[in-house]
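# Fold and geometry: a report
Residues per chain are reported as follows:
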Amino acid sequence: MALLKQVGFGPRVPGTAAHTKCAEWLVEELRQTCESVRFQPFEHRWSVDGRTYRMANILAEQNWKDAKVRVVVLAHWDSRPFADQDPDPANRRKPVLGASDGASGVAVVLELARVLKGRLKDVGVLYLLTDGEDLGPGIEEMLLGARHFAKNLPSPRPDYGVLLDMIGDKDLRVPIERYSYSQAPGLVNELYALAARAGLGKAFPKELGEWIIDDHVPLNEAGVPTIDLIDFTYEPWHTVRDTAEQCSPESLGKVGRLMELWLLREPAYRPPKNR
């Protein structure tokens, strides 16, 4: 299972051996299913220790050049350097394993790439695995990979996107994230209506949740309407308890099934009306 493989490397914190080994594995996996796989490197001088860290997004394409509509599906592959939300102060300087917060979204991306290989028609998909999403400590040093991607959009550029984050919770519940609804209401309505028709309405209730600053924000600011599918009621968030035991294959399957149905739906694909 892709989630277990990622956490098996340990915390994927920039500058560590686990980070390097995981990147190599992710590229190897995506090369088996995608026509083009590449790194998008960038650097960041971290305020915590003054060092400059090399990081990299991973971009993989399926049917991208010939598509009528292009969708970026993204998740972050790094994990948090410190468990700042842990109830035990002794744990707050320890790194986070990031089973749901990071590895869950990446696991669904890898599986989507596998099941969609050779099946896409009008739709092109760019799988974007962002780095530096969870570096911190503050938001000004988070979302680093998404910000770099948004400033260096590929050509042809995405029409819109879907972010998968923290979707491993055993009790999966993904209400509508408010920033997503404000920026791409048509896309939100389309996905949540499809979830209801597919019997996934309990996991994707059509009700407004919180405003969450996440990797979708830089893409929206760059003019790519992007929504965030996120279960933010995850108790182990940014604690040392964010482990594989807290996650469920069934939850990953629900998110993956929704995305598969949406990207393959008939009749021929048409972009949603955002207004």
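### Focus: the overall build of the protein
A count of helical and extended segments in the protein gives eight helices and six strands. Overall, the protein shows an N-to-C arrangement of helices and strands of α-α-β-β-β-α-β-α-β-α-α-α-β-α. Its C-alpha atoms give the protein principal-axis dimensions of about 55 × 35 × 35 Å. Burial statistics for the protein: of 275 residues in total, 60% are counted as buried. Considering only contacts in the protein between residues 6 or more positions apart, those separated by 24 or more positions represent 77%. When the accessible area of the protein is evaluated, it comes to approximately 11,900 Å², of which 50% is carbon and sulfur surface. The average position of the 35 basic charges and that of the 39 acidic charges among the side chains of the protein differ by 4 Å.

### Overview of the packing of helix 2 (residues 17–31) against helix 3 (residues 99–116)
In a packed pair of helices, the relevant descriptors are the angle between the two axes and the axis-to-axis distance. Between helix 2 and helix 3, whose axes approach to 9 Å, the crossing angle comes to 25 degrees. With respect to helix 3, the axis of helix 2 lies roughly parallel. The two elements helix 2 and helix 3 meet at a crossing, and its hand is left-handed. Every residue of helix 3 that contacts helix 2 at Trp25, Leu26, Glu29 and Leu30 is listed here: Val106, Leu110 and Ala113. The residue makeup of the contact of helix 2 with helix 3, split by class, is six nonpolar, no polar and one charged.

### Some words on the packing of aromatic side chains
Using the criterion set out here, one finds six aromatic pairs in the structure. Consider the rings of Trp46 and Tyr53, whose centres lie 5.8 Å apart with planes at 80 degrees: the pair is edge-to-face. Of the two residues, Trp46 and Tyr53, neither departs from the other in class, the shared state being buried. Aromatic pair Tyr160 and Trp262: ring centres 6.1 Å apart, planes at 50 degrees, arrangement tilted. Residue Tyr160 is found in strand 5 (residues 160–165), and its partner Trp262 is found in helix 8 (residues 249–264); the two are separated by 102 residues along the sequence. Judged by relative accessible area, which is 0%, Trp262 ranks as buried. Taken together, the ring pairs in this structure connect Trp46, Tyr53 and Phe82 into an aromatic cluster.

### Digging into the pairing of strand 1 (residues 36–45)
Strand direction decides the pairing type here: strand 1 and strand 2 (residues 52–62), joined by ten bridges, are antiparallel. Bridging from a neighbouring strand, Phe42 pairs with Met55 of strand 2.

### Details of the layout of surface pockets
There is about 210 Å³ of room inside the largest pocket. For the largest pocket, the lining is made up of 19 residues, of which Met142, Ile213, Phe232, Trp237 and His238 are closest to its centre. When grouped by side-chain class, the residues that make up the lining of the largest pocket number ten nonpolar, two polar and seven charged. Taken as a whole, the second largest pocket spans an internal volume of roughly 160 Å³. Lining the second largest pocket, in full, are Ala2, Trp25, Glu29, Leu30, Gln32, Thr33, Ala107, Leu110, Glu111, Ala113 and Arg114.

### Notes on the sheet that holds strand 5
Strand order in the open sheet formed by six strands is 1-2-4-3-5-6, with mixed pairing between adjacent strands. Only two strands of the sheet have a single partner each, and these edge strands are strand 1 and strand 6 (226–230). Averaged over neighbouring strand pairs, the angle between their axes works out to 20 degrees when direction is ignored. In the sheet, strand 5 pairs with strand 6 via five bridges, with the strands oriented parallel. The residue of strand 6 that forms the bridge with Val162 is Ile227. Packing against the sheet, helix 8 makes contact with strand 3 (69–76), strand 4 (123–130), strand 5 and strand 6, and its axis sits at approximately 170 degrees to strand 5.

Analysis parameters
- Residues numbered from 1 in each chain as written.
- Predicted model: local features only at pLDDT ≥ 70, side-chain atom pairs only at ≥ 80, totals over all residues.
- Heavy atoms only, no water.
- Helix = DSSP H or I, 4+ residues; strand = E, 2+ residues; numbered from the N terminus.
- Buried < 20%, exposed > 50% of the residue type's maximum accessible area, 1.4 Å probe, protein only.
- Contact = heavy atoms within 4.5 Å.
- Areas by Shrake-Rupley, 256 points an atom, 1.4 Å probe, with all protein chains shown as cover.
- Lys, Arg positive; Asp, Glu negative; His and termini not counted.
- Charge placed at Lys NZ, Arg CZ, Asp CG, Glu CD.
- Axes fitted to C-alpha atoms, helices over the stretch in contact; angles between N-to-C directions.
- Parallel < 35°, antiparallel > 145°, perpendicular 65-115°, else oblique.
- Left-handed = near helix turned anticlockwise from the far one by under 90°.
- Nonpolar A, V, L, I, M, F, W, Y, C, P; charged D, E, K, R; others polar.
- Phe/Tyr/Trp six-rings, centres within 6.5 Å; stacked < 30°, edge-to-face > 60°.
- Pairing = 2+ DSSP bridges.
- 1 Å grid on protein atoms, 1.4 Å probe; cavity = no way out; pocket = protein on both sides within 12 Å on 5 of 7 lines; lining within 4 Å.
- Points joined across faces, edges and corners; volume = space filled by probe spheres on them.

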